[in-house]
Amino acid sequence: MAESTKTALITGGSKGIGYGIAEALIRDGIRVAVTSRSQQNADEAATALNKVREGYALAIESDVRSLASQEQAVQIVLDKWGRLDYFIANAGVGHFAPIQELSAEHWQETIDINLTGVFFSAKASIAALTESKGYFINIASLAGTNFFANGTAYNASKFGLVGFSQAMMLDVRNAGIKVTTIMPGSVATEFNNHEPSEKDAWKIQPEDIGQIVSDLIKMPARTLPSKIEVRPTTPK
Ligand SMILES: NC(=O)c1ccc[n+]([C@@H]2O[C@H](COP(=O)([O-])OP(=O)(O)OC[C@H]3O[C@@H](n4cnc5c(N)ncnc54)[C@H](OP(=O)(O)O)[C@@H]3O)[C@@H](O)[C@H]2O)c1
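Residues numbered from 1 in each chain as written. Predicted model: local features only at pLDDT ≥ 70, side-chain atom pairs only at ≥ 80, totals over all residues.

## Structural notes on the nonpolar core
Part 1 of the argument: Ala22, Val32, Val34 and Ile88 are the most contacted members of the largest nonpolar core, which has 56 residues in total.
Part 2 of the argument: Counting residues per element, this core draws most heavily on helix 1 (residues 16-27), which supplies seven residues.
Part 3 of the argument: The contact partners of isoleucine 88, leaving out residues within four places of it in the chain, are Ala8, Ile10, Thr11, Gly18, Ile21, Ile137, Ile139 and Val213. (Core = buried A, V, L, I, M, F, W, Y, C linked by C-beta atoms within 7 Å. Buried ≥ 20, exposed ≤ 12 C-beta atoms within 10 Å, placed from the backbone. Helix = DSSP H or I, 4+ residues; strand = E, 2+ residues; numbered from the N terminus. Contact = placed C-beta atoms within 7 Å.)

Set out below in structure tokens:
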């Protein structure tokens with residue numbers, strides 16, 4: 001394996017969109033570390049990903065709610081592969097309830113993971129991405145621009161993330177780091193305890209977001225698609 005092989009770290013890469021991105025990047029010849037709150041979930045994902053390309057996937061137990069945990073995850077990638085080129089801030093949760101019923105605990109968890117977790121991810125990776133002239137990609141949501149009933153916590157986290165992500169883009173562009181905000185509509189995953197089935201065929205599939213990330217990192221260095229809205233062509 002050439003020392004110049006590019007590397008990626010994907011938070012919440014154990015399933016869903018994060019896993020779809022991991023698979024696409026490994027097919028592109030990029031080494032990928034996937035994180036999860038559970039070592040077992042991360043290991044299972046890495047085992048499956050290593051079947052796509054042996055030795056290209058690495059499992060890391062890491063919780064985005066901890067800056068120290070994010071710093072450790074970046075250090076594991078640097079120790080193992082010597083560089084970090086792409087950081088995909090993907091980990092996220094959704095708690096949906098009317099404000100009258102939304103618990104303080106669910107509010108806090110949503111903000112901690114979906115918003116503060118990305119801040120910690122950025123703080124932990126900017127030095128390594130400055131070194132590599134790398135790329136930081138945020139998986140936000142159309143819920144970061146469209147508000148809906150039962151969405152106070154999720155909307156707040158994703159509206160916040162869209163603002164954070166674009167301001168960060170302006171902060172780090174002159175250091176040679178690209179930042180893109182991807183805002184998907186409905187994607188067929190286990191998000192919010194959903195069980196994907198054939199009925200989800202109309203939705204965006206995780207590999208479609210993988211294709212978007214794969215295409216983004218192939219853009220000429222001079223050009224930055226900074227915010228991308230993506231939605232099912234024909235919603236049900
Ligand atoms: N599905 C959609 O329709 C949709 C649409 C727009 C945006 N999004 C966004 O896309 C992202 C991925 O969602 P998904 O649909 O792929 O959901 P998913 O299938 O439920 O996957 C979520 C991932 O995040 C990880 N995760 C959750 N909390 C974490 C934490 N504190 N630290 C580290 N990892 C954590 C999970 O890993 P473990 O459970 O193993 O820890 C899992 O790998 C989220 O940010 C979500 O808001 C989803």
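## Quick look at the site of the ligand
Part 1 of the argument: Around the ligand there are 28 residues in total, and Gly12, Gly16, Ser36, Arg37 and Gly92 lie nearest to it.
Part 2 of the argument: Of all the secondary structure elements, the ones that give two or more residues to the shell around the ligand are helix 1 and strand 2 (31-36).
Part 3 of the argument: No other element matches the three residues that helix 1 contributes to the shell around the ligand.
Part 4 of the argument: A breakdown of the residues in the shell around the ligand according to their chemical character gives nine nonpolar, 14 polar and five charged. (Near = placed C-beta within 6 Å. Nonpolar A, V, L, I, M, F, W, Y, C, P; charged D, E, K, R; others polar.)

## Brief notes about the environment of histidine 106
Part 1 of the argument: Relative to the helices and strands, histidine 106 is located in helix 4 (residues 104-132).
Part 2 of the argument: Overall, the presence of 17 C-beta atoms within 10 Å leaves histidine 106 in the partly exposed class.

## Focus on helix 4
Part 1 of the argument: Relative to the 42 Å expected for 29 residues at 1.5 Å per residue, helix 4 spans 40 Å between its end C-alpha atoms, a close match to the ideal helical length.
Part 2 of the argument: Within the sequence span of helix 4, burial applies to Thr110, Ile113, Asn114, Gly117, Val118, Phe120, Ser121, Ala122, Ala124, Ser125 and Leu129.
Part 3 of the argument: Against the buried residues of helix 4 lie helix 3 (67-81), strand 4 (86-89), strand 5 (135-139) and helix 5 (152-172).
Part 4 of the argument: Following helix 4 by one or two positions, lysine 133 has its phi on the positive side, about 55°. (Expected span 1.5 Å × (residues − 1).)

## Some remarks on helix 1
Given 3.6 residues to a turn, an α-helix orients residues that are three or four positions apart in the same direction.
Part 1 of the argument: With 12 residues, helix 1 should reach 16 Å at 1.5 Å per residue; the first-to-last C-alpha distance of 17 Å fits that figure.
Part 2 of the argument: Counting buried positions along helix 1 gives 11 out of 12 residues, so the element sits mostly inside the fold.
Part 3 of the argument: For helix 1, the complete set of buried residues consists of Gly16, Ile17, Gly18, Tyr19, Gly20, Ile21, Ala22, Glu23, Ala24, Leu25 and Ile26.
Part 4 of the argument: Note on helix 1: the residue one or two positions beyond its end, glycine 29, has a positive phi of about 90°.

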